[in-house]
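What follows is the residue order along each chain.
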Amino acid sequence: MWEGVKRNFILQQGFEEPAPAVCPRQFSALHFQPRTVLLWVLAGILFQSTPLFSALCAVLWWSALLPKLNPFDAVYNWIFGHRAGAVHLTPAPAPRRTAQAMAGAFALACGLLIHFGLSTVAYVVEGIFLAAVLALTLGGFCLGSFVYHLLRGRGTFARQTLPWVS
């Protein structure tokens, strides 16, 4: 089952069909950013920190607007990308960049809600943001990429890349 989830995730992100031998490594490499974002979101929620969410927004929007200069990919490639058999991350395709931009918008909303003292609404938006990041990191479902495909009129393809479709 997990091999189908990994393949579907890679396709949903806008990458080409992965070779079976490369698929697990590519999936793991592509999950470096969401795992990092998850830790960042958890810290932002724990500390109810406008600066943490604002910085996350900036980094995610930077990654979406300048995919060749994505700091997450640069860190991954520097630490892990040069090992034997490792996947070297390349600039993100449009579906992945859309997901980064959407996550940046959620981070901005969280930061602004905290800044303006709207704590109840902030917790709700943070909960939705956390749920989306957990669905990505634990289940291989990227809401942002899925929405991208739907908005591009590729609903059938979007549904075929859902984690539970194999």
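Residues numbered from 1 in each chain as written. Predicted model: local features only at pLDDT ≥ 70, side-chain atom pairs only at ≥ 80, totals over all residues. Heavy atoms only, no water.

**Student:** What is the right way to read the nonpolar core from this model?
**Tutor:** The biggest cluster of nonpolar side chains holds 18 residues, and the ones touching the most others in it are Val37, Val41, Phe53, Leu56, Leu60, Ala107 and Phe129. With residues near it in sequence (within four places) discarded, leucine 60 still touches Gln33, Val37, Phe72, Gln100, Ala103 and Gly104. Formed by 14 residues, the second largest nonpolar core is a distinct cluster that contains Phe9, Ala29, Tyr76 and Ala99. (Core = buried A, V, L, I, M, F, W, Y, C linked by side-chain atoms within 4.5 Å. Buried < 20%, exposed > 50% of the residue type's maximum accessible area, 1.4 Å probe, protein only. Contact = heavy atoms within 4.5 Å.)

**Student:** Just checking my understanding: could you explain the packing of helix H3 (residues 32–47) against helix H7 (residues 119–139) for this structure?
**Tutor:** If you want to describe how two helices pack, look at the angle between their axes and the distance between the axes. Between H3 and H7, the least distance of the axes is 10 Å, while the angle of their chain directions is 155°. When the axes of H3 and H7 are compared, the pair comes out roughly antiparallel. For the crossing formed where H3 meets H7, the hand is left-handed. Judged by residue contacts, Pro34, Arg35, Val37, Leu38, Val41, Leu42 and Ile45 of H3 engage Glu126, Phe129, Leu130, Val133, Leu134, Leu136 and Thr137 from H7. Tallied by class, the residues present in the contact of H3 with H7 amount to eleven nonpolar, one polar and two charged. (Axes fitted to C-alpha atoms, helices over the stretch in contact; angles between N-to-C directions. Helix = DSSP H or I, 4+ residues; strand = E, 2+ residues; numbered from the N terminus. Parallel < 35°, antiparallel > 145°, perpendicular 65-115°, else oblique. Left-handed = near helix turned anticlockwise from the far one by under 90°. Nonpolar A, V, L, I, M, F, W, Y, C, P; charged D, E, K, R; others polar.)

**Student:** Help me out: how do you make sense of the pattern of salt bridges in this one?
**Tutor:** If the charged atoms of two oppositely charged side chains come close together, the side chains can form a pair. If you walk through the whole model with that rule in mind, you get two salt bridges. Among the ionic pairs, lysine 6 bridges to glutamate 3, the shortest N-O distance being 4.0 Å. With lysine 6 and glutamate 3 both in helix H1 (residues 2–12) and three residues apart, this pair spans about one turn of that helix. The buried category is assigned to lysine 6, whose relative accessible area is 16%. (Salt bridge = Lys/Arg side-chain N within 4 Å of Asp/Glu carboxyl O.)

**Student:** Help me out: how do you make sense of the packing of aromatic side chains in this one?
**Tutor:** Two numbers describe a pair of aromatic rings. These are the distance of the centres and the angle of the planes. Per the counting criterion, the structure on display carries seven aromatic pairs. With a centroid separation of 6.4 Å and an interplanar angle of 35°, the aromatic rings of phenylalanine 141 and tryptophan 164 are classed as tilted. Residue phenylalanine 141 is located in the loop between H7 and helix H8 (143–151), and its partner tryptophan 164 is located in the segment after helix H9 (155–160); the two are separated by 23 residues in the primary sequence. Residue classification places phenylalanine 141 among the buried positions, given a relative accessible area of 17%. For tryptophan 164, a relative accessible area of 62% translates into the label exposed. Every member of this aromatic cluster is reached through a ring pair, and the members are Phe32, Tyr76 and Phe80. Sitting over the ring of phenylalanine 157, arginine 154 keeps its end group 4.3 Å from the ring centre. (Phe/Tyr/Trp six-rings, centres within 6.5 Å; stacked < 30°, edge-to-face > 60°. Lys NZ or Arg CZ within 6 Å of the ring centre and 35° of its normal.)

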